[in-house]
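Close look at the chain arrangement
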Amino acid sequence: MPSYDTVVSRRSVLSLTGAAGAAALAGCTGNGDEDGAQDPDQEVVDHADVYFQTADGEHQVTDFQYNPHIWGGYSHIQFAVYDSWAQYIIDNDEYVPHFVEEWEFDDGTARLHIRDDYTWGDGSSITADDLVMQLHLGEALGDDLYEFTDPEDIEAVDDTTVEIQYDEGTNREMLRHIILDRSLDHPPADWEDVYSDWQDGEDINVFDVDIPDPTPSGPVDIGDVGEQTAQFDVRDDHPLAENYNFNGYEIGHRSGNEAFHQSFASQELDGVHSLFAGPGAQSQFPDTLEEVLIPGGFGMGIVFNHDHEHYQERAVRQAFGYAIDTEAAIATVGADTKQEFPVQGGLTVPATEDWLDVDEYKSYDQDLDMVETLLQDAGFERNDDDVWERDGSVLEAELQGPQGWGDWVTPLSTIVDQLNQAGFEATLDSIDQGVWFENLAENLATGDFGVAAYGHTEGGNEATNYPFFSFSWKFENREHADPNFFNYPEDEAVTVPDGNGGEISVNPREELNTIANTNDDATIQESVERLARLFNEDLPMYLAQEKFEQSFIDRDGWEFPSQEESDHFRAFWPLYWLPKQDELKATSAAE
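Residues numbered from 1 in each chain as written. Predicted model: local features only at pLDDT ≥ 70, side-chain atom pairs only at ≥ 80, totals over all residues. Heavy atoms only, no water.

**Some words on the sheet that holds strand E6 (residues 154–158)**
Where we set the bar: Strand pairing is assigned whenever DSSP detects at least two bridges linking the two strands. Helix numbers and strand numbers start at the N terminus; a helix is a DSSP run of H or I with at least 4 residues, a strand a run of E with at least 2. Fitted lines through C-alpha atoms serve as axes, helices being fitted only where they are in contact, and the angles separating the N-to-C directions of these axes extend from 0 to 180 degrees. Contacts are residue-level and defined by heavy atoms, with any inter-residue pair within 4.5 Å sufficient.
The four strands are arranged E4-E5-E7-E6 in an open sheet whose pairing can be described as antiparallel. Taken across any chain shown, the strands that pair with only one partner, and hence form the sheet edges, are strand E4 (100–106) and E6. The average undirected angle you get between the axes of adjacent strands in this sheet is 20 degrees. The sheet contact formed by E6 and strand E7 (residues 161–165) spans four bridges and is antiparallel. Across the sheet, residue alanine 156 finds its bridge partner in E7, namely valine 162. Packed onto the sheet, helix H3 (residues 128–137) meets E4, strand E5 (109–114), E6 and E7 and runs at close to 180 degrees relative to E6. In the packing of helix H4 (residues 172–180) onto the sheet, contacts are made with E4, E5 and E7, and the angle to E4 comes to roughly 150 degrees.

**Quick word on the pattern of salt bridges**
Our working definition: By convention in these notes, a salt bridge is any Lys or Arg side-chain nitrogen within 4 Å of a carboxyl oxygen on Asp or Glu. Summary of the burial criterion: residues with accessible area below 20% of their type's maximum are buried, those above 50% are exposed, and those between are partly exposed, where the area comes from a 1.4 Å probe applied to protein chains only.
Within this structure, the stated rule accounts for 24 salt bridges. Ionic pairing is found between arginine 390 and glutamate 313, a salt bridge with its closest N-O pair at 2.5 Å. Taken together, the residues arginine 390 in strand E16 (residues 388–390) and glutamate 313 in the loop between strand E13 (300–304) and helix H8 (314–322) connect sequence positions 77 residues apart. Judged by its relative accessible area of 16%, arginine 390 is buried. On the basis of relative accessible area, glutamate 313 is assigned to the partly exposed category, the value being 23%. The salt bridge involving aspartate 491 is made with arginine 509; its shortest N-O contact spans 3.8 Å. On the criterion of sequence distance, the pair formed by aspartate 491 in the loop between helix H14 (467–475) and strand E21 (494–497) and arginine 509 in helix H15 (residues 508–516) is long-range, its members being 18 residues apart. Under the relative-accessibility criterion, arginine 509 is labelled buried at 9%.

**As for H4**
Convention followed: Distance and chemistry together define a polar contact, namely a pair of N or O atoms within 3.5 Å, with one atom able to donate a hydrogen and the other to accept it when in protein, and with adjacent residues in sequence counting only for side-chain atoms on both sides.
With seven of its nine residues buried, H4 lies for the most part within the structure. Residues of H4 that are buried include every one of Met174, Leu175, Arg176, His177, Ile178, Ile179 and Leu180, and no others. A side-chain oxygen of the first residue of H4 lies 2.9 Å from the backbone nitrogen of glutamate 173; this N-cap is asparagine 171.

**What about the pairing of strand E22 (residues 503–506)?**
Every second residue of E22 is oriented toward a common face, the buried set being Ile504 and Val506 and the non-buried set Glu503 and Ser505. Inspection of the sheet shows E21 paired to E22 by four bridges, in the antiparallel sense. Opposite threonine 495, over in E22, you have serine 505 as the bridge partner.

**What about helix H13 (residues 433–446)?**
To be explicit about the condition: Here the expected length of a helix is defined as 1.5 Å per residue gap, with one fewer gap than residues. Comment: arc refers to directions from the helix axis out to C-beta atoms.
In this model, H13 (14 residues) spans 20 Å end to end at C-alpha, consistent with the 20 Å of a helix rising 1.5 Å per residue. For H13, the set of buried residues is Gln433, Trp436, Phe437, Leu440 and Leu444. Projection of H13 onto a plane perpendicular to its axis shows the buried side chains occupying an angular sector of 100 degrees, all on one side. Opposite the packed face of H13, turned more than 90 degrees from it, sit the exposed residues Glu438, Glu442 and Thr446.

**Side note on unusual backbone geometry**
For residues that are not glycine, phi is negative in most cases, and the peptide bond is trans in most cases. Here the residue pair phenylalanine 572 and tryptophan 573 is connected by a cis peptide bond, since its omega of 0 degrees sits within 30 degrees of zero. Here tryptophan 573 lies in the loop between strand E25 (558–559) and helix H17 (574–580). Even without a glycine there, the phi angle at tyrosine 364 is positive, about 55 degrees. Take tyrosine 364: it is sitting in the loop between helix H10 (349–355) and helix H11 (368–377). Judged by its relative accessible area of 3%, tyrosine 364 is buried.

**Focus on the nonpolar core**
Short version of the rule: What makes a nonpolar core is a set of buried Ala, Val, Leu, Ile, Met, Phe, Trp, Tyr and Cys residues whose side-chain atoms join them at distances within 4.5 Å.
In terms of nonpolar packing, the biggest core is built from 155 residues, with Phe320 and Phe424 touching the most fellow members. Setting aside residues up to four positions removed in sequence, phenylalanine 320 forms contacts with Ile302, Phe304, Tyr311, Ala397, Leu419, Phe424, Val451 and Tyr542. Core analysis: the second largest hydrophobic core is formed by 11 residues, Ala55, Val272, Leu275 and Phe285 among them.

**Description of the sheet that holds strand E9 (residues 230–234)**
Spatial ordering of the open sheet is given by E1-E10-E9-E8, a layout of four strands whose pairing is mixed. Pairing within the sheet leaves two strands with one partner each, and these edge strands are strand E1 (48–56) and strand E8 (220–225). Between one strand axis and the next, the sheet turns by 30 degrees as a mean value, whatever way the strands run. The sheet contact formed by E1 and strand E10 (residues 246–253) spans seven bridges and is parallel. Considered in E10, the bridge of glutamine 53 is made with glutamate 250.

The analysis is restricted to geometry; functional conclusions fall outside its scope.
Following this line, the structure appears as structure tokens:
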């Protein structure tokens, strides 16, 4: 079997962040009564002839497609069309059974026990063979699983049991995420021909598979599709169908956050999976619209090109960090929806608090005197325009942001102002979202950047709070180039201060390999702290903010428990997950 130190983590299957990541990137708040109080005039009915009204902010309904490996046209309705293997509850850091009813991770073997009452939308039973096919197809995409196993070590023992043999000693907590964080989104009706080619040893390209209509595993199937909206009807033959007392979902399109805000203000929509709405927008929302804040583990970072004439130097990167006041930048979009990092440690905010003693690391609180000291020591001087310059080359920071992503562009504007005040020549170009994606992909792939606004974790990856995944993304990111697009020395020892007056040398690859191949808590903790020290001192990326996903459901016409009564709100996403748990019902007011 391959080991981690010979096969580098590459979780991505989409050009930027993955299908679930696109949903996480799309936006990300509201108001409303969180005590679960229900208007007595709104009684739950046996069946309401109504669709839950929602919208997509990325794709027109006429462009929807159902290949999960292609971002374009892959809507968040996929969370209802395709069921999850198991569902991750973020606050509890646990997976709850869903299609996979039970799992066991012994030393060297993972066993998955699945339900026997699920069918695909074409009526065929969903069996263990279908899961094996999905896992095998992942080999062509560099699925993380194949760092610890081989295709021949994955098999269907019977119709309801999958066994995966993996390297003994592999970190079981890491494997739990790698294996369970999946959806039933590879029906044989759409993928068996490609799978047959793979079994015959042929090269396959999953991006070429055209799936205009879904073969669902989830509780809804595509119904009527118009120019403006598409209906997804509850499947009568689905095991969870009885949990739905409404017809299904009707989804339209809204072009940007403001369009969503207007629709909620006029009560055109019943909910949305993720939307950024600041205090001003929320003040226009009806009192019945309830906001669910979900720790996203994702947010805006600023990545440096470590081959750039200036940003290849640690002193310049540190000066960049000391120039910024993230608290002020976050305040421009609402501090209740974003989190500031306690330290620049390479982990998510919750993981930082769980794994690190933050007092042991540089805080990078804004300090313009430190900016001056670092840059002067690096040979820079202020020119006649009061901009730092060395050997005739000014210290630039050219940033781009996507229009419509107010929670990125607005704080970026503040950060650019702060950098200019500190003597950088900083600019911000706010451009069309699609163009931004294209430019970002091209610039990062070719190395044509000094700094770039970029997600500090993989969007939509529910495992980001576990250090292995967060550090892999930051030190060995394969999204746009191999080796990593930001040219950081991923398999070399880098020497940094140890925080106690001495020095340590840290090889990112070796430390990640250690975490991946042990279940000893003390050993894992030591490697996490070494990687955090390297990140804090060398600053391969700057962590600007971490979001709470802002999800909405309206109580006008819909009954659901209070957020204190149910754990199921802290999952991706409440409007799709709650009804699967029999916790979202239409009332008489919905009709």
